[in-house]
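Next come the chains, spelled out residue by residue.
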Amino acid sequence: MSNTPITETVDAVVIGAGFSGLAMNRRLRDDMGMSVRVFEAGHDVGGTWYWNRYPGARCDSESFLYCLTFDKQLMQDWEWSGKYPEQPEILRYLTHVADRFDLRSNMTFNTRVTSAHFDESTNRWLVGTDAGDSVSAKYLITGVGCLSSTQKPNIKGRDSFAGPSYHTGEWPHEGVDLTGKRVGVIGTGSSGVQSIPVMAKQAEHLYVFQRTPNYTVPARHGTVTKASLDEVKKNYDAIMEKSRWSTGGSHYDMSEISAMSVSDEEREAIYERAWAEGGFKFLQDTFNDIAVNLDANATASEFIRKKIREIVKNPAVADKLAPVDHPFASKRPLIDTDYFDTYNRDNVTLVDIHAAPIEEITPTGIRTQDGTYDLDIIVFATGFDAMTGTYNKMDIRGRNGLALKDVWAAGPLTYLGVTSAGFPNLFMITGPGSPSVLSNMPVSIEQHVGWISGVIEHMRSAGISTFEAQEQAQTDWVAHVNDLASQTLFMQANSWYLGANVPGKPRVFMPYVGGVGTYRQKCDEVAAAGYEGFTLGKESVSA
Ligand code: NA7
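Quick caveat, the model's predicted, so the values are computed rather than measured.

Draft legend 1. Representation of the site of the ligand. Around the ligand, the surrounding shell holds 18 residues, and the nearest of these are Thr188, Ser191, Arg211, Thr212 and Lys331. Measuring from an oxygen atom of the ligand, one finds a backbone N or O atom of glycine 189 at 3.4 Å. Tryptophan 496 has a polar side-chain atom sitting 3.1 Å from an oxygen atom of the ligand. A breakdown of the residues in the shell around the ligand according to their chemical character gives 7 nonpolar, 8 polar and 3 charged.

Dropping the structure here:
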């Protein structure tokens, strides 16, 4: 790439035009007056919400919390229609943000960044794309999302299927008509749990190929009234400020009592109330030790299993749907609309591929160890190469030509989840080692946008050319992230948090579990201490 003529010279390249790219572009370009080029693989803005258009796709954060806060009037003007925002509405929101702040004018769509090489002689990044761009930038900022590399398992015969097959994360924009079709869906994570009830209503027959049953609690989705949204808007500043300093990026209070400190009757009543209210309150607002104490967790896990047996009429099916191999919330907790009820429908069949694994995908369907299923459509709800997959696909090279994917071969190495030693002036919004996927994402995204722009402001005013994590600080941070995770029950499940869903991926817990407030404080302290743990290189070459 070094011989390719430079097609553009800018202050910063931002990769991605989802929440992160939009917010970062706005801050750097409009607030700080920098020249910015944004590259986006999709043909428009939206990121996660551009790609994930599967039936039932919806955010699990409440709509009024799932927003950008850099413009108060935007917060006052936008009207969410539902308790949890559906994919089309989030996409409309992000499109509105792009229109309102004219954020597309320096964005290049349908273009994937394929390489980014740090040139030590100029202290600049040279960013290459699949469209032949070669852009020189002082700063490289990734807003590539945590779940943007789809994972289609390499099942024997996968590509021999004669009918159409779709991954939930690459759903056709024109939609898919399932009417009269025999549909097989593989996967019962968040995407499966959201899409299965919707697909079941349309398909002639839906076969759900389940390897691991999941805990899920009712979302209790519904419309929101104008009065309740107006109330939120009156208190928006306080709500968002509380969210910024919370554990998970929402303003709800966390329970302060142990599940082991109450009687069986009281505990049951608390779970019943949370189940009736719906959403993540079941985790946050019941007991404070569900995620860390196995005995406490067992009470929550058993409560959910009991509910599954109450809802699902066929006891054998209920048994298969009841998770027993991992504690509740050791995988990404799920919330759903009518998920378990869906298995009471005559046109839905649960296929237990843990007991009898898939042997082959054939031209006509799926063959398991104990049966053959003729299908018209296959849906892969099989998840993502999370958090690192998209980074590893780009040829990112730092000092001495070192490739990020080699540096991360045994698991991602970052300082504060936003930088990596040896890669100066590279900033990763919601990178591995930051709260990211364990939080309400826009809160974490805006925290990173704020912190990164603080670094850049400092570099500009102090004549700093390179900002780079120190190895020791990084080693300590990675150890801290692992140490915190080891005190939780997260290590007891084969989750994508640990990379366990991708064959051969190192088993390393990737997000920071300490909470967004604690994390924000740490980032602020590092900045206040003159960017402790970072090496700041003085301007010696023109930038
Ligand atoms: P997830 O949560 O990774 O779920 C993927 C599902 O696909 C899960 O049930 C997997 O079973 C299943 N899977 C994956 N590979 C296979 C193979 N080879 N055979 C059978 N079944 C398989 O992805 P989602 O898209 O649902 O959700 C990702 C995140 O998006 C979600 O957590 C939210 O944060 C938003 P397994 O459990 O591995 O046995």
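Draft legend 2. Layout of the sheet that holds strand 12 (residues 348-352). Read from one edge to the other, the open sheet built from 5 strands follows the order 7-16-8-9-12, with strand pairing classed as parallel. Lying at the two open borders of the sheet, with one neighbouring strand each, are strand 7 (165-167) and strand 12. With direction set aside, neighbouring strand axes in the sheet form an average angle of 20 degrees. Each of strand 8 (182-186), strand 9 (205-210), strand 12 and strand 16 (377-380) is contacted by helix 5 (residues 190-202), which is oriented at about 155 degrees to strand 9, the strand it contacts most.

Draft legend 3. Up close: the pattern of salt bridges. For the structure on display, the rule yields 34 salt bridges. The closest approach of N and O atoms between aspartate 31 and arginine 27, which form a salt bridge, is 3.4 Å. Highlighted residues: aspartate 31 and arginine 27, both in helix 1 (residues 19-31), separated by 4 residues, approximately one helical turn. A relative accessible area of 28% means that arginine 27 is categorised as partly exposed.

Draft legend 4. Region of the structure containing the layout of surface pockets. Estimated volume of the second largest pocket: approximately 290 Å³. In this structure, the second largest pocket is lined by 16 residues; those nearest its centre are Arg27, Thr69, Phe70, Arg244 and Glu446. Elements represented by at least two residues in the lining of the second largest pocket include exactly helix 1, helix 7 (236-244) and helix 14 (441-462). Of the residues in the lining of the second largest pocket, the class split is 7 nonpolar, 3 polar and 6 charged.

Draft legend 5. Region of the structure containing the packing of aromatic side chains. Within the structure shown, the criterion is met by 37 aromatic pairs. Seen in terms of ring centroids, tryptophan 275 and phenylalanine 282 are 6.1 Å apart; in terms of plane orientation they differ by 80 degrees. Their pairing is edge-to-face. For tryptophan 275, a relative accessible area of 7% translates into the label buried. The buried category is assigned to phenylalanine 282, whose relative accessible area is 1%.

Draft legend 6. Just helix 5, in detail. Given a rise of 1.5 Å per residue, 13 residues ought to cover 18 Å, and the 19 Å separating the end C-alpha atoms of helix 5 matches this to within 8%. Of all bends in helix 5, the biggest is about 35 degrees, found at isoleucine 196, and the proline proline 197 comes one to four residues later. Listing the buried residues of helix 5 in full gives Ser191, Gly192, Val193, Gln194, Ser195, Ile196, Pro197, Met199 and Ala200. Elements in contact with the buried residues of helix 5: strand 8, strand 9, strand 10 (216-218), strand 11 (334-336), strand 12 and strand 16.

Draft legend 7. View of the sheet that holds strand 13 (residues 358-362). Here 3 strands make up an open sheet; going across it, the order is 13-14-15 and the pairing antiparallel. What marks the edges here is a single partner per strand, and that holds for strand 13 and strand 15 (371-374). The mean angle between the axes of side-by-side strands here comes to 15 degrees, regardless of whether they run parallel or antiparallel. Pairing between strand 13 and strand 14 (residues 365-368): 4 bridges, direction antiparallel.

Draft legend 8. Fine view of empty space enclosed by the protein. Inspection of every chain in the model, using the stated rule, returns 3 cavities of 30 Å³ or more. Considering only enclosed or pocket space, the largest cavity measures out at about 80 Å³ in volume. Together, Pro412, Thr414, Pro432, Gly433, Val478, Val481, Asn482, Val508, Phe509 and Met510 line the largest cavity. A breakdown of the residues in the lining of the largest cavity according to their chemical character gives 7 nonpolar, 3 polar and no charged. Forming the boundary of the second largest cavity are Phe64, Cys67, Leu74, Met75, Trp78, Trp80, Tyr93, Leu229, Val232, Lys233 and Tyr236. Mapped by element, the contributors of at least two residues to the lining of the second largest cavity are helix 3 (72-77) and helix 6 (226-234).

Calculation rules
- Residues numbered from 1 in each chain as written.
- Predicted model: local features only at pLDDT ≥ 70, side-chain atom pairs only at ≥ 80, totals over all residues.
- Heavy atoms only, no water.
- Near = heavy atom within 4 Å.
- Polar contact = N/O pair within 3.5 Å; in protein donor to acceptor, adjacent residues only side chain to side chain.
- Nonpolar A, V, L, I, M, F, W, Y, C, P; charged D, E, K, R; others polar.
- Pairing = 2+ DSSP bridges.
- Helix = DSSP H or I, 4+ residues; strand = E, 2+ residues; numbered from the N terminus.
- Axes fitted to C-alpha atoms, helices over the stretch in contact; angles between N-to-C directions.
- Contact = heavy atoms within 4.5 Å.
- Salt bridge = Lys/Arg side-chain N within 4 Å of Asp/Glu carboxyl O.
- Buried < 20%, exposed > 50% of the residue type's maximum accessible area, 1.4 Å probe, protein only.
- 1 Å grid on protein atoms, 1.4 Å probe; cavity = no way out; pocket = protein on both sides within 12 Å on 5 of 7 lines; lining within 4 Å.
- Points joined across faces, edges and corners; volume = space filled by probe spheres on them.
- Phe/Tyr/Trp six-rings, centres within 6.5 Å; stacked < 30°, edge-to-face > 60°.
- Expected span 1.5 Å × (residues − 1).
- Bend = angle between axes of the 7 residues up to and from the residue.

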